[in-house]
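# Structural overview for review
Single-letter residue listing:
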Amino acid sequence: MTSFGITNGPAPARLTVGIVSAGRVGTAVGAALERAGHVVSACSAVSSASVARAVKRLPDTEILPAADVAARSELLILAVPDDQLADLVRGLAATRAVKPGTLVAHTSGANGIAILAPLTELGALPLAIHPAMTFTGHDEDTARLSSACFGITAADDIGYAIAQSLVLEIGGEPVRVREENRALYHAALAHGSNHLVTLVVDAVEALRASLQGEELLGQQLVDGEPGGVAERVLQPLLSAALDNALRRGPSALTGPVARGDAAAVDTHLRVLTDLDPELAAGYRAMSLRSAQRVGAPTELFDILTETGGDRRE
């Protein structure tokens, strides 16, 4: 097995890498590791989409069953969905295909290294290396890894040093996450990224409804296709709001809730309910949380809740 030169520092040498499976995350991480000089020798791919993705993004990589991928790997990346990881680990442990000393890293945000226990008991070195990034399955995924942070969890300082080196090699920033905090770490990321998509899509839907049929001469028609007028109206506003929030925190909040303008919020709720009651419910929930953040006046809470709600931060 390739030596990590731990006595002289833990920077990984050229590794033989295996990936289970060739999904969006696995192929992006695999391509990034190859760019850093490692060799992705084999990967598993079950669906036709995964096979096509592996052929395109890892053209020199052999497609094999998961146990065969594990048997030839010095670094084994388990890049399956969270709800499949435990079964995969148990299955690989049953085959005893993972050699003692193998680095086994999963990319799950919700899990630390405890889930790798069946392989750790066989002598594997467990790592949790989660890229805090959304993946689309396109070439930009690998490029985005070079600007992403990675939540890493390991069993000891040597493990942390190896995980840190691997992340730094592909241009990312390693961030240490304690085993007991992985669920909270994952919840925070899901809340920010997934709910942001829902929020933006709802805003686009409402804006399209407000603009449709009112296009100026020569202007693109407002329809349901992405990248249209509504998206162009929102893009600079949303980009500025995100930048302000990350730079300035809660003080970046503006608009009728921050001003305590109960009449405006009441009107918003009325017109959004006419458009889509479920969209209006999302607006109400986010307005309530914003009101709690800024300590809005009682009148605003009375509009947002039947009882006045919880005004605590």
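Residues numbered from 1 in each chain as written. Predicted model: local features only at pLDDT ≥ 70, side-chain atom pairs only at ≥ 80, totals over all residues. Heavy atoms only, no water.

### Points about the overall build of the chain
Under the convention used in this document: Where helices and strands are cited, they refer to DSSP runs of H or I of at least four residues and of E of at least two residues respectively, numbered from the N terminus. The cut-offs for exposure are 20% and 50% of the maximum accessible area for each residue type, with area from a 1.4 Å probe on protein chains only; residues under the lower value are buried, those over the upper are exposed, and the others partly exposed. Contacts between residues were defined by any pair of non-hydrogen atoms, one from each residue, lying within 4.5 Å.
For the chain, the count of helices and strands is 13 helices and eight strands. On the principal axes, the C-alpha backbone points of the chain span a range of 70 × 50 × 35 Å. By residue count, 39% of the 313 residues in the chain fall in the buried class. Here the analysis covers contacts within the chain between residues at least 6 apart in sequence; of these, 57% occur between residues at least 24 apart.

### Comments concerning the packing of aromatic side chains
Using the following cut-off: Within 6.5 Å between ring centres, the rings of Phe, Tyr and Trp (the latter by its six-membered ring) count as paired, and their orientation is classed by plane angle as stacked under 30 degrees, edge-to-face over 60, tilted in between. Comment: the charge-over-ring label is applied if NZ (Lys) or CZ (Arg) is within 6 Å of the ring centre and within 35 degrees of the ring normal.
Here the structure, examined in full by the defined rule, presents zero aromatic pairs. For the cation-ring pair, Arg 176 lies above Tyr 160, with the distance from its terminal atom to the ring centre recorded as 3.7 Å.

### Some remarks on the packing of helix H8 (residues 182-211) against helix H9 (residues 229-248)
When two helices pack together, their arrangement is captured by the angle between the axes and the distance separating the axes. Under the convention used in this document: Every axis corresponds to a line fitted to the C-alpha atoms, with the helix fit spanning only the stretch in contact, and the corresponding angles, defined between N-to-C directions, vary from 0 to 180 degrees. Roughly parallel refers to an angle under 35 degrees, roughly antiparallel to one over 145, roughly perpendicular to one between 65 and 115, and oblique to any angle outside these ranges. Two helices that cross are described as forming a left-handed crossing if the nearer one is turned anticlockwise from the farther one by less than a right angle, and a right-handed crossing if clockwise. Any residue that is not Ala, Val, Leu, Ile, Met, Phe, Trp, Tyr, Cys, Pro, Asp, Glu, Lys or Arg is counted as polar, Gly included; the first ten are nonpolar and the last four charged.
Orientation of H8 relative to H9, taken along the N-to-C sense of each, is 130°, at an axis distance of 9 Å. As summarised for this structure, H8 and H9 are arranged oblique, according to the angle between their axes. Along this stretch, H8 crosses H9, giving a crossing that reads as right-handed. When H8 is examined against H9, the residues Val 200, Ala 203, Val 204, Leu 207, Arg 208 and Leu 211 are found in contact with a partner set consisting of Val 229, Ala 230, Glu 231, Val 233, Leu 234 and Leu 238. Looking at side-chain class alone, the contact of H8 with H9 contains 10 nonpolar, no polar and two charged residues.

### Some thoughts on the UniProt feature "domain: DUF2520" (unreviewed entry) in the chain
Rule in force here: UniProt positions are given in the numbering used here, feature names are shortened, and annotations may be inferred rather than shown by experiment.
With numbering matched to this structure, UniProt assigns "domain: DUF2520" (unreviewed entry) to residues 149-289. Summarising residues 149-289: 67% helix, 7% strand, and an end-to-end C-alpha distance of 27 Å.

### Notes on the nonpolar core
Looking at soluble globular proteins, one finds that nonpolar side chains tend to be buried together. Quick reminder of the rule: What is meant by a nonpolar core is a set of buried Ala, Val, Leu, Ile, Met, Phe, Trp, Tyr and Cys residues, joined one to another through side-chain atoms within 4.5 Å.
Formed by 33 residues in total, the largest nonpolar core has its most connected members in Val 17, Leu 33, Leu 75, Ile 77, Leu 127, Ile 129 and Phe 150. Contributing elements (two or more residues each) for this core: strand E1 (16-20), helix H1 (24-35), strand E2 (39-44), strand E4 (75-78), strand E5 (103-106), strand E6 (125-131), strand E7 (149-154) and helix H7 (157-169). Setting aside chain neighbours within four positions, we find Leu 75 in contact with Leu 15, Thr 16, Val 17, Gly 18, Leu 33, Leu 103, Ala 105 and Leu 166. Formed by 19 residues, the second largest nonpolar core is a distinct cluster that contains Ala 42, Leu 76, Val 89 and Ala 93.

### So, the pattern of salt bridges
Applicable threshold: Each reported salt bridge corresponds to a side-chain nitrogen of Lys or Arg within 4 Å of a carboxyl oxygen of Asp or Glu.
Applying the stated criterion across every chain, the model contains six salt bridges. In this structure, the salt-bridge partner of Arg 57 is Asp 141, at a minimum N-O distance of 3.8 Å. A residue pair is termed long-range when its members are at least 10 positions apart, and Arg 57 in helix H2 (residues 48-57) and Asp 141 in helix H6 (residues 140-145) qualify at 84 residues. Each member of the pair, Arg 57 as well as Asp 141, carries the same accessibility label: buried.

### Some details on the packing of H1 against H2
Remark: H1 packs on H2, axes separated minimally by 10 Å, with the N-to-C direction vectors making an angle of 15°. Relative to H2, H1 is oriented roughly parallel. The way H1 lies across H2 gives a crossing that is right-handed. In this structure, H1 uses Arg 24, Thr 27, Ala 28 and Ala 31 to contact H2, whose residues at the interface are Arg 53, Ala 54 and Arg 57. In the contact of H1 with H2, the residues fall into three nonpolar, one polar and three charged.

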